[in-house]
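Spelled out, the chains give:
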Number of protein chains: 4
Amino acid sequence: MLKLDFHPSGRHFLQIPGPSPVPDRILRAMSLPTIDHRGPEFGALGLELLDKIRRVFKTENPVIIYPASGTGAWEAALANTLSPGDRVLMFETGHFATLWHKMARRLGVEPEFLGLPGYEGWRHGVQADMIEARLREDSAQEIKAVCVVHNETSTGVTSDIAAVRRAMDAAGHPALLLVDTISGLASADYRHDEWGVDVTISGSQKGLMLPPGISFNAISDKAIEASRHNRMPKSFWAWDEILEANRNGYWPYTPSTNLLYGLNEALDMLLEEGLDHVFARHQRWAAGVRTAVQAWGLEIQCQDPAVYSPVLTGVVMPEGVDADAVRKIIYERFDLSLGTGLGKAKGKMFRIGHLGDCNDLTLIATLGGCEAGMKLAGVPLAGSGVTAALDYFAQHPLDAK
Amino acid sequence: MLKLDFHPSGRHFLQIPGPSPVPDRILRAMSLPTIDHRGPEFGALGLELLDKIRRVFKTENPVIIYPASGTGAWEAALANTLSPGDRVLMFETGHFATLWHKMARRLGVEPEFLGLPGYEGWRHGVQADMIEARLREDSAQEIKAVCVVHNETSTGVTSDIAAVRRAMDAAGHPALLLVDTISGLASADYRHDEWGVDVTISGSQKGLMLPPGISFNAISDKAIEASRHNRMPKSFWAWDEILEANRNGYWPYTPSTNLLYGLNEALDMLLEEGLDHVFARHQRWAAGVRTAVQAWGLEIQCQDPAVYSPVLTGVVMPEGVDADAVRKIIYERFDLSLGTGLGKAKGKMFRIGHLGDCNDLTLIATLGGCEAGMKLAGVPLAGSGVTAALDYFAQHPLDAK
Amino acid sequence: MLKLDFHPSGRHFLQIPGPSPVPDRILRAMSLPTIDHRGPEFGALGLELLDKIRRVFKTENPVIIYPASGTGAWEAALANTLSPGDRVLMFETGHFATLWHKMARRLGVEPEFLGLPGYEGWRHGVQADMIEARLREDSAQEIKAVCVVHNETSTGVTSDIAAVRRAMDAAGHPALLLVDTISGLASADYRHDEWGVDVTISGSQKGLMLPPGISFNAISDKAIEASRHNRMPKSFWAWDEILEANRNGYWPYTPSTNLLYGLNEALDMLLEEGLDHVFARHQRWAAGVRTAVQAWGLEIQCQDPAVYSPVLTGVVMPEGVDADAVRKIIYERFDLSLGTGLGKAKGKMFRIGHLGDCNDLTLIATLGGCEAGMKLAGVPLAGSGVTAALDYFAQHPLDAK
Amino acid sequence: MLKLDFHPSGRHFLQIPGPSPVPDRILRAMSLPTIDHRGPEFGALGLELLDKIRRVFKTENPVIIYPASGTGAWEAALANTLSPGDRVLMFETGHFATLWHKMARRLGVEPEFLGLPGYEGWRHGVQADMIEARLREDSAQEIKAVCVVHNETSTGVTSDIAAVRRAMDAAGHPALLLVDTISGLASADYRHDEWGVDVTISGSQKGLMLPPGISFNAISDKAIEASRHNRMPKSFWAWDEILEANRNGYWPYTPSTNLLYGLNEALDMLLEEGLDHVFARHQRWAAGVRTAVQAWGLEIQCQDPAVYSPVLTGVVMPEGVDADAVRKIIYERFDLSLGTGLGKAKGKMFRIGHLGDCNDLTLIATLGGCEAGMKLAGVPLAGSGVTAALDYFAQHPLDAK
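It should be emphasised that the depicted structure is a prediction, and the values quoted were computed from it without experimental measurement.

Residue and element names in this part refer to chain A. Partitioning chain A into structural domains gives domain 1 (13-20 + 274-395) and domain 2 (24-272). Placing the centre of domain 1 and that of domain 2 at their C-alpha centroids yields a distance of 27 Å. Listed per partner, the contact involves 28 residues of domain 1 and 31 residues of domain 2. The set of elements that each furnish at least two residues to the side of domain 1 that touches domain 2 consists of helix 11 (275-296) and strand 12 (312-316). Among the elements that take part in the side of domain 1 that touches domain 2, helix 11 stands out by supplying four residues, more than any other. Partitioned by chemical class, the residues of the side of domain 1 that touches domain 2 number 13 nonpolar, 10 polar and five charged.

Residue and element names in this part refer to chain C. Locating Lys-328 in the fold gives a position in helix 12 (residues 323-334). Note on Lys-328: 16 C-beta atoms within 10 Å, which makes it partly exposed. Sequence separation of Lys-328 and Thr-340 is 12 residues, and the distance between their C-alpha atoms is 9.9 Å.

A word on the relation of the copies chain C and chain A. Turning chain C through 180° and shifting it by 0.0 Å along the axis lays it on chain A, with an RMSD of 0.0 Å. What the superposition gives is, in effect, a two-fold axis relating one chain to the other. The C-alpha atom lying nearest the rotation axis in chain C is that of C:Arg28; the distance is 3.0 Å. An overlap of 100% is found between the interface residues of chain C and their copies at the interface of chain A, pointing to a shared contact surface.

Quick look at the interface of chain D and chain C now. Facing 61 residues of chain D, the contacting portion of chain C comprises 62 residues. Mapped by element, the contributors of at least two residues to the side of chain D that touches chain C are helix 1 (24-30), helix 2 (40-57), helix 3 (70-81), helix 4 (95-106) and helix 10 (257-273) of chain D. For the side of chain D that touches chain C, the element with the most residues is helix 10 of chain D, which contributes six residues. In the side of chain D that touches chain C, the residues fall into 32 nonpolar, 19 polar and 10 charged.

Further remarks concern the UniProt feature "modified residue: N6-(pyridoxal phosphate)lysine" (unreviewed entry) in chain A. All names here are of chain A. According to UniProt, the "modified residue: N6-(pyridoxal phosphate)lysine" (unreviewed entry) feature falls on Lys-206. With respect to the element layout, Lys-206 can be found in the loop between strand 9 (199-203) and strand 10 (215-219). Of the residues examined, Lys-206 has 30 C-beta atoms within 10 Å and is grouped as buried.

Taken together, the contact pairs five residues of chain C with five residues of chain A. For the side of chain C that touches chain A, a count of residues per class yields two nonpolar, one polar and two charged.

To continue, consider the pairing of strand 4 (residues 110-114) of chain C. Summarising the sheet, strand 3 (residues 87-91) of chain C and strand 4 of chain C pair through five bridges and their orientation is parallel. Bridging across to strand 4 of chain C, C:Arg87 finds its partner in C:Glu110.

Let us look at the pairing of strand 9 of chain A. Along any regular strand, the residues point their side chains to alternate faces of the sheet. All names here are of chain A. When you tally the buried positions in strand 9, you get five out of five residues, the bulk of the element. On strand 9, burial covers both faces: Val-199, Ile-201 and Gly-203 on one face and Thr-200 and Ser-202 on the other are all buried. Sheet topology note: the strand 8 (residues 176-180)/strand 9 ladder contains three bridges and is parallel. Along strand 9, the bridge assignment pairs Val-179 with Thr-200.

A word on the sheet that holds strand 3 (residues 87-91) of chain D. Residues and elements named next belong to chain D. If you walk across this open sheet you meet the seven strands as 2-10-9-8-5-3-4, and the pairing is mixed. Lying at the two open borders of the sheet, with one neighbouring strand each, are strand 2 (63-66) and strand 4 (110-114). The sheet shows a mean angle of 20° between the axes of neighbouring strands, taken without regard to direction. Strand direction decides the pairing type here: strand 9 (residues 199-203) and strand 10 (residues 215-219), joined by five bridges, are antiparallel. Residue Gly-203 lies in a different strand from strand 10, and its bridge partner there is Ser-215. Where helix 8 (residues 221-229) meets the sheet, its contacts fall on strand 8 (176-180), strand 9 and strand 10, and the angle it forms with strand 8 comes to roughly 105°.

With an omega of -5°, the peptide bond between A:Gly18 and A:Pro19 qualifies as cis. Along the polypeptide, A:Pro19 turns up in the loop between strand 1 (13-14) and helix 1 (24-30).

Because an α-helix completes one turn every 3.6 residues, residues spaced three or four positions apart along the sequence face the same direction. Residues and elements named next belong to chain D. Turning to helix 8, its buried residues are Ala-223, Ala-226 and Ser-227. Taken down its axis, helix 8 places every buried residue within 100° of arc, on the same side. Among the exposed residues of helix 8, those pointing more than 90 degrees away from its buried face are Asp-221, Arg-228 and His-229. Taken together, the buried residues of helix 8 touch helix 3, strand 8, strand 9, strand 10 and helix 9 (239-246).

With that settled, consider the UniProt feature "binding site: substrate" (unreviewed entry) in chain A. All names here are of chain A. Mapped onto the present numbering, the UniProt feature "binding site: substrate" (unreviewed entry) falls at Arg-351. Here Arg-351 lies in strand 14 (residues 349-353). Under the C-beta neighbour-count criterion, Arg-351 is labelled buried, with 26 such atoms within 10 Å. Among all residues touching Arg-351, those that are not within four sequence positions of it are Pro-17, Gly-156, Leu-312, Gly-314, Leu-338 and Gly-339.

Paired through backbone hydrogen bonds, the strands of a sheet run either parallel or antiparallel to each other. All names here are of chain B. Reading across the sheet, the seven strands line up as 2-10-9-8-5-3-4 and stay open at both edges, with mixed pairing between neighbours. A strand with exactly one partner marks an edge of an open sheet, and here the two such strands are strand 2 (63-66) and strand 4 (110-114). Direction aside, neighbouring strands of the sheet carry axes that sit 20° apart on average. Sheet topology places strand 3 (residues 87-91) next to strand 5 (residues 143-149); four bridges connect them, and they run parallel. Paired with Arg-87 across the two strands is Ile-143, which belongs to strand 5.

Turning to the packing of helix 14 (residues 385-395) of chain B against helix 13 (residues 360-376) of chain C, a few remarks are in order. Between helix 14 of chain B and helix 13 of chain C, whose axes approach to 10 Å, the crossing angle comes to 50°. Relative to helix 13 of chain C, helix 14 of chain B is oriented oblique. Considering only the axes of helix 14 of chain B and helix 13 of chain C, their crossing is right-handed. Packed against helix 14 of chain B, whose contacting residues are B:Val386, B:Leu390, B:Phe393 and B:Ala394, the element helix 13 of chain C presents C:Gly368, C:Glu371, C:Ala372, C:Lys375 and C:Leu376 at the interface. Of the residues assigned to the contact of helix 14 of chain B with helix 13 of chain C, the class counts are six nonpolar, one polar and two charged.

Thresholds, definitions, all that
- Throughout this document, residue positions are counted from 1 along each chain, in the order its sequence is written.
- Whichever chain is written first is A, and whichever ligand is written first is 1; the rest continue in order.
- Per-residue local features are limited, in this predicted model, to residues with pLDDT of at least 70; the limit for side-chain atom pairs, both in listing and counting, is 80 or more; totals at the level of whole chains, interfaces and linings are taken over all residues.
- Those domain boundaries reflect an automatic or database domain assignment.
- Contact between two residues is assigned whenever their backbone-derived C-beta positions fall within 7 Å.
- Secondary structure counts use DSSP, requiring at least four H or I residues in a row for a helix and at least two E residues in a row for a strand, with both numbered from the N terminus.
- Amino acids outside the nonpolar list (Ala, Val, Leu, Ile, Met, Phe, Trp, Tyr, Cys, Pro) and the charged list (Asp, Glu, Lys, Arg) are all regarded as polar, and Gly is one of them.
- Exposure criterion: with C-beta atoms placed from backbone coordinates, a residue whose C-beta has 20 or more other C-beta atoms within 10 Å is buried, one with 12 or fewer is exposed, and one in between is partly exposed.
- Least-squares fitting of one copy onto the other uses the C-alpha atoms of those residues that reach a pLDDT of at least 70 in both copies.
- UniProt positions are given in the numbering used here, feature names are shortened, and annotations may be inferred rather than shown by experiment.
- Here, strands pair whenever DSSP counts at least two bridges between them.
- Axes, fitted as lines to C-alpha atoms, cover a helix only where it is in contact. Angles between the N-to-C directions of the axes lie from 0 to 180 degrees.
- Summarising the geometry, the arc corresponds to the directions from the helix axis toward the C-beta atoms.
- An angle counts as roughly parallel when it lies under 35 degrees, as roughly antiparallel when it exceeds 145, as roughly perpendicular when it falls between 65 and 115, and as oblique in every other case.
- Helix crossings get a hand from a simple test, with the near helix turned counterclockwise from the far one by less than a right angle marking a left-handed crossing and a clockwise turn marking a right-handed one.

Dropping the structure here:
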């Protein structure tokens, strides 16, 4: 029998950019007895959840909750709005944008992949001007959707979605705007309605601080209208039956009851704290972590300070250092999990998650593990990042609620 | 803030045919801290799980685990093996067979729906001879798959899958055999390999005693071969990338880590007890519950004793009694959830789940609640079912392991 | 390694008169991280607890909470109020009164043990007139305390404490009144101030629905005054330092932090429901259980209906039947724990607990297990107790809060 | 209703020298349903526990487990071995030795308090030569017991108990040796039998990593013999009835069932890891923390390196700095609880706990919080302790088991 309790002493430090550490309060809520998903209490829970989740997406429109992980919500967004052969414009911000692009191809959509070239291209956010230029060229309006990643988990870049909307409006193009904020929601500021997003995709295991397993589509009227006519075969992901059942707080098939208990608790925690406070908390952590990276004399993956992610920071290793070898030392010596470099960034960098159920000292521990591990791996450091971050946190108190 | 702890005193009795009550041992396992789904411990867990789950399906072939609920696994089975326009033969055993049929149509497949007529048709299992006759007619072999439900959750009928396989063989027809045992697995005997099933669909929230949220496809070589050439757009459900990542115990996208912890615990519980003992346990409970129904002088929904379900029993109300009104009284007065009549059975019957984390006294409590509730509702009863079941359980001890 | 999860399928039925089943809500509260017992949050928790617990004892005076089980609180009551050689009057209601008497002797007190004779004597409550008569004889006022058990857990008799107070007043005797309501508090009506009790002793694992481990002394001014001058050596149990530290919500030594979390939750549950509703709930359960015993044609241990316990019911076996052999069959066949006969009642009866986190169907299950087990053991029964109780519960709904 | 979940984001750092952070594995074990403390499973659990706990005390003799917190076990040791008026020799190592001395006086024992003078006296361990000299003077053998604290929680000094035993033997004195290792057991090496200790007192909430609430007396034959004749009134604490009931794994009164579940888990964790490894782990943490204190240019409370505690380190503030004001800043700004200075050390120092469920990064976080907090409080520091400790941990790997 496998022992699930892997670590012999003390808590493992899970500082990957999701799944994020799950607060005890949420784990406790998830351990409540499963109830009848067709009974009256479930309906009350469903209505409450569907109302509260809207506030996190900042939308007056419906939010679909899937009993499936985030990748499923990507597919749902495409399957409900597009037809086989439809052209879509996607922007290559990093590995997850690339995976979404690959999914679109598998589903029979014709994606066009804009982006800056090479690995260096992954160190910037979405270039709204490139999107605008491409849309202006599309006088036949063959492009049915623009797909961008808000917080690119593989790089630590949080793109400016409002700028993308402005670009689309400037081009006068009717394409739908589909945005993945799986790792941005409830950590980075996000405004579904204000930014004119048609489908926002998100997941549970990042800013919502839940285990993975449920995911979301926030949808606009225009997206719903598209879903009535598109020709992609869809059933599990189809919005229509879910919207119908959701009116009374139910789902057309069995929902993830216990994860929904956790979601209810997470939403209470976030809304009680206030989203602005949540965002400020993450921005401050990110600033502290970047202060450490700078003190080490290392490069941050994201090269444009305007789009630094509040959720994670990519730390670029000096030429010749294998970032994964460094991660392995840190993991084995300090029981600290960091994110690996993905795709074009493989081996070049590692990622520090600073989201969800953290606090200053969690991050000091994390930076300490990184610092000691890099030294053990022979990475030359200019100075101590952990003391720089300590000073930053000490000098920049987060105002009490 | 909604209070999730709905019931003021004592444990709610959740005796619907799934989700089944989750053992504390599994809830505790699920509350372990989420780990990095790309780290070494996860790989070890994944390999262990993928090995143990095969034993429950009784297969040497791979079992796909989806981070999605059971309805998704239905879609996965279709999306991996069929192409738009393919003809499939489905058998109408009840409401869930009907929903699967509806899904097939939404996905662009051309299902043909065999079955016995009317509500009475729902009181029997799959008629293998009807399938054989239909397949013999299909000399052009246009039918690509036969889809049947093993344990029909809406009626309490557990069809004979081996007979379906024999019928297909007798007809010499090459169609794939797709079987839904979402509510049968780990409660009723099931043999993926021996019965020549090509895709077996199952879920977590029934015999596996987990909350809903993960689901399964056990697949044959023939099904894998079909998946290489079929033309249904597929990405999230696609077996190929999952099989590839599973070699090392990982998934191509984020799995439901904490539900997998629960699955690991559930598999240990089931395999330690021994599947034969698990099946005998459920058969005995079912026999006790049927003894009660007979003592009440009521009809069992399933009219063929050869296919009585070990998982649930449908209790048919006398003409003129609204089964849902009875359920409501039982729920409100005795904090006991029973399954509603679905589809053609709506209002005619209710369903008692006797699966998963139960014991004799749980069922005595359940039958007691039913008996008292029916009396309160004015249902005429021939005798006491609860004492009949008590006698049955007393006289038929389950041999110790 | 011992497996702590003893029962292979379904929940064990723990229907002994304490420890009572612990609600999940309390178990979850107890699993919160331990905090610094000298930090500011702890002080806030302590003050809140000390306030709420008073309401359950119905006192305006302090309640001492010990990090020790109930037997310790017995000792505390004696050690704070008496001196070696002091005479005390104790009443033999059953086994626990006898154990308290034994403790008094071990501590060097001179207890006098009033009571009705023999086993039959244990089938009645405290006889206030006997106490009054004895106190009237004590013209020298040598008796320093009268010690009685409110709810005698070994017999299912809940004595009339107000009558004892009236008897003491009638005799004009200044002795202190010490009352054990370890198994009565929060299930049976109890009024520390109104009944003029000087020290009330209670514990956590009964009506408060907590695991065992903390216990209580509710104290009067007169008791506090006695504690300033008595000569029993005392330190751990001494009220003075605890009262001092409690002013700010702290304890002079380490309290049982996590059990206090559970206590806080239990108090919220009880006070939200309302104590009168809690008492009515237990009275109704007790009446249902007695209906079953009467239908079986068996005797209830308590022979005076005025003092039937709402917490537990003793079921007397016919002459020649070993009650413990019956209990063993019930335990092994039905995973149901009942209370054994203690002391003079050993082998003659078993005890059914109907307290704490129960509901109607829990008790139906319990009575079902008893009925089937007694039949298996060859106990002749006049009729079905389980159906009689079902009818009772159906005909006597507990009004909603 | 008080919210028990006090901290808004991330886990609180509980780095006081006990209660120590409780591992999730233990919290989960404690949340198992309470069972009948007189049933067969409980007996099996009891026997297993009583066997395993002996290995942690390194004794072949019995260990008594009390359902009471550690202070109670102090009283138990005195109450079972001494009589009113007995002379005992106690050594003032710090605050807890002082409290024990106070308790002895309250219980009517005549303690003599040896020690080095003043606050500086609290910066050393037990002086065995002083004990030897005093015992040699006691030619009438009026001293019945020598009472010392092994790990003085208030100062971070771990005295040499073997040296005390040698001193007593050298003096040829028959007094009993009573040792408090409440905060030493299972963190610091301890050998009840080898060191000839007669009563060892310990508690649950330190090295055993449990919440507070149970405590221990490990006893020698000589102590048991003394308990047969001593004249201190005793009942709850009396060893005789407990030893008798323990033969079958039971207790004479209700034990703390759920804390015993946790104890069972804790013992499995410790014995699986191996006590030597546990001790080495704590020694290494202590060395890392002292490295930090030295880098800060501050004094360690303990002035004798031979008796540095592996469990906690006292950090002395420079003259004029109020250590509690520093602690308050650290607590409020970094959600980190440290131990306060107690008794003679009040305001002069704070204490860092490095015991139980910790790891390197937990301590780096702790030291980071201390460092930043001291800077904010204006404490002049010579250098960075957190980087010094990081280097220490990196350069001194703990060998894998």
